[in-house]
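Chain by chain, the residues:
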Amino acid sequence: MHFVSRLIHRSQPQATHAIRRDPAGNPVAAAALSSAAASPTAPMATVERVPHSSLHVSKPTWWLESRFHFSFADYWDPRRESFGALRVLNDDLVQPRAGFGTHPHRDAEIFSYVVDGELSHADSMGNREALPRGCVQYMSAGTGVTHSEMNDGDAVCRFLQIWLTPDRRGHKPQYGSSRYSKADRHNRLLQILGGTSTPPQWAGSHCPDTVKVNQDAHVYVSEADAGTTYDLSLGAGRRAYLACIEGDLTVNGVALATRDGARLRGAEGAGGAPAPLTLTAGDKGAHFMLIEMAAGRE
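Remember, predicted model here, so these are calculated numbers, not experimental data.

Draft legend 1. Local environment of the overall build of the protein. Summing up its helical and strand segments, the protein has one helix and 21 strands in all. For the protein, with 298 residues in total, the buried portion stands at 55%. If you take every contact in the protein between residues at least 6 apart in sequence, the share linking residues at least 24 apart comes to 76%. Element-wise, carbon and sulfur atoms account for 53% of the exposed surface of the protein, whose accessible area totals about 12,300 Å².

Structure, rendered in structure tokens:
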């Protein structure tokens, strides 16, 4: 793994397990419980499915097909303005030798997670690189920056483009990236971005060289074999958004298919117990992203 950064990043505490079993029924990590495990009597985290059929598909162009989980560009839905600090989640398909040319941003925490093909980034800070599947690029636009995201390859590039609202305006623009292999996220949670607070003490989460964003949010990905189960919890006053990138899974018994999303909520307020959250990969396995954050506004 290679980590390129102009950011300050911190080491994250390692916990002992998150996955109960592998597809053969064998434990894949130690059986000790996390200190932050939810009480078995606590109410489960609530799950609001966002079916892929409800996502807005961008206006047809020869080079781009994009599905918007939230209001974006010329699409506006007052029910989908944001979820906590999460403001944009676009599932983009970019044709070869095309992409988003140089354009400006400010006061946004922007990152891209590559699913297929290769995504090339260039910005006004002098950063330039191309990253393949499973890698992440991050840019804090802060006081202002220009950048481009292009598919310079010969195959279609699919990536998730996510924007978070920063904790304040006026941060210094910064860029960071991380390269990962499938082994880094295979049947375990890989934390690809860390925020301003202590991350959830989810046992078994893997946090190598996590890029830090200017917001109380933590981003995880996993590529799980069929039947793999993750026992997690959402702390009181916390939320999470889940995107099923490939395959299928259930979240507290709610079935999600490829490209579905889900809004996950823990207990209201700061005094409640952690809410249990169980994710199980379906028959096709599951490649998913989980964005955990403070409740904020919705």
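Read on, since the account is not over.
Draft legend 2. Geometry of the pattern of salt bridges. Throughout the structure, instances matching the rule amount to 18 salt bridges. Taking the shortest distance from any N to any O, the salt bridge between D260 and R49 comes out at 3.0 Å. Here D260, found in the loop between β19 (254-256) and β20 (261-265), pairs with R49, found in strand β2 (residues 46-50); they are 211 residues apart in sequence, far enough to count as distant. When its relative accessible area of 0% is taken as the criterion, D260 is described as buried. Among the salt bridges present, the one from R133 reaches D116, with a minimum N-O distance of 3.6 Å. Taken together, the residues R133 in the loop between β9 (128-131) and β10 (136-140) and D116 in strand β7 (residues 109-116) connect sequence positions 17 residues apart. Of the residues examined, R133 reaches a relative accessible area of 25% and is grouped as partly exposed. Ionic contacts of the salt-bridge type, sharing partners, join the residues D116, R133, R185, E223 and E246 into one network.

Draft legend 3. Representation of the sheet that holds strand β11 (residues 145-151). Read across the sheet, four strands follow the order β6-β11-β8-β9 without closing on themselves; strand pairing throughout is antiparallel. This sheet does not close on itself; its edge strands, each paired only once, are β6 (98-105) and β9. Direction aside, neighbouring strands of the sheet carry axes that sit 15° apart on average. Summarising the sheet, strand β8 (residues 119-123) and β9 pair through four bridges and their orientation is antiparallel. Each residue of the ladder has a partner; that of H121, found in β9, is E129.

Draft legend 4. Representation of the nonpolar core in the model. Membership of the largest hydrophobic core comes to 29 residues, with the highest contact counts inside it found for F111, I192 and M289. Not counting residues up to four positions away in its chain, the partners in contact with F111 are V136, Q137, Y138, L160, Q161, I162, L164, L193, V219 and M289. With 23 residues, the next largest nonpolar core counts L234, L256, A275 and A281 among its residues.

Draft legend 5. Spatial organisation of unusual backbone geometry. Non-glycine residue R97 carries a positive phi angle of around 60°. Structurally, R97 is set in the loop between β5 (86-94) and β6. Phi at N187 is positive, roughly 60°, even though this residue is not glycine. Within the secondary structure layout, N187 lies in the loop between α1 (182-185) and β14 (190-194).

Draft legend 6. Region of interest: the environment of R158. By the element assignment, R158 lies in strand β12 (residues 157-164). With relative accessibility at 6%, the residue R158 sits in the buried group. Sequence-wise, R158 and D91 are 67 residues apart; in three dimensions their C-alpha atoms are separated by 7.3 Å. With near-sequence residues (within four places) excluded, R158 lies in contact with D91, D92, L93, V114, V115, D116, I245, E246 and R259.

Draft legend 7. Summary view of the environment of Y180. Counting through the fold element by element, Y180 comes out in the loop between β13 (174-178) and α1. It is 5.5 Å that separates the C-alpha atoms of Y180 and C135, two residues lying 45 residues apart in sequence. Among the polar contacts listed, one links the side chain of Y180 to the backbone oxygen of P208, at a separation of 3.4 Å.

Draft legend 8. Quick look at the confidence of the model for the protein. Summing up the model confidence of the protein, the mean pLDDT is 87 and the portion of residues at 70 or higher is 85%. Note that pLDDT drops below 50 for residues 1-18; the model gives that stretch 69 contacts with residues more than four away or on any other chain. Considering only residues more than four positions removed or in separate chains, one finds that residues 29-37, a stretch of pLDDT under 50, has 14 contacts.

Draft legend 9. Summary view of the pairing of strand β21 (residues 275-294). Within β21, 16 of the 20 residues are buried, which leaves it mostly tucked inside the rest of the structure. By the bridge criterion, eight bridges tie strand β16 (residues 217-224) to β21 in an arrangement that is antiparallel. Directly across from E223, in β21, lies its bridge partner H287. As paired elements, strand β17 (residues 229-234) and β21 share six bridges and run antiparallel to each other. Each residue of the ladder has a partner; that of L232, found in β21, is L277.

About the criteria used
Residues numbered from 1 in each chain as written. Predicted model: local features only at pLDDT ≥ 70, side-chain atom pairs only at ≥ 80, totals over all residues. Heavy atoms only, no water. Helix = DSSP H or I, 4+ residues; strand = E, 2+ residues; numbered from the N terminus. Buried < 20%, exposed > 50% of the residue type's maximum accessible area, 1.4 Å probe, protein only. Contact = heavy atoms within 4.5 Å. Areas by Shrake-Rupley, 256 points an atom, 1.4 Å probe, with all protein chains shown as cover. Salt bridge = Lys/Arg side-chain N within 4 Å of Asp/Glu carboxyl O. Pairing = 2+ DSSP bridges. Axes fitted to C-alpha atoms, helices over the stretch in contact; angles between N-to-C directions. Core = buried A, V, L, I, M, F, W, Y, C linked by side-chain atoms within 4.5 Å. Polar contact = N/O pair within 3.5 Å; in protein donor to acceptor, adjacent residues only side chain to side chain. pLDDT = per-residue confidence, 0-100.

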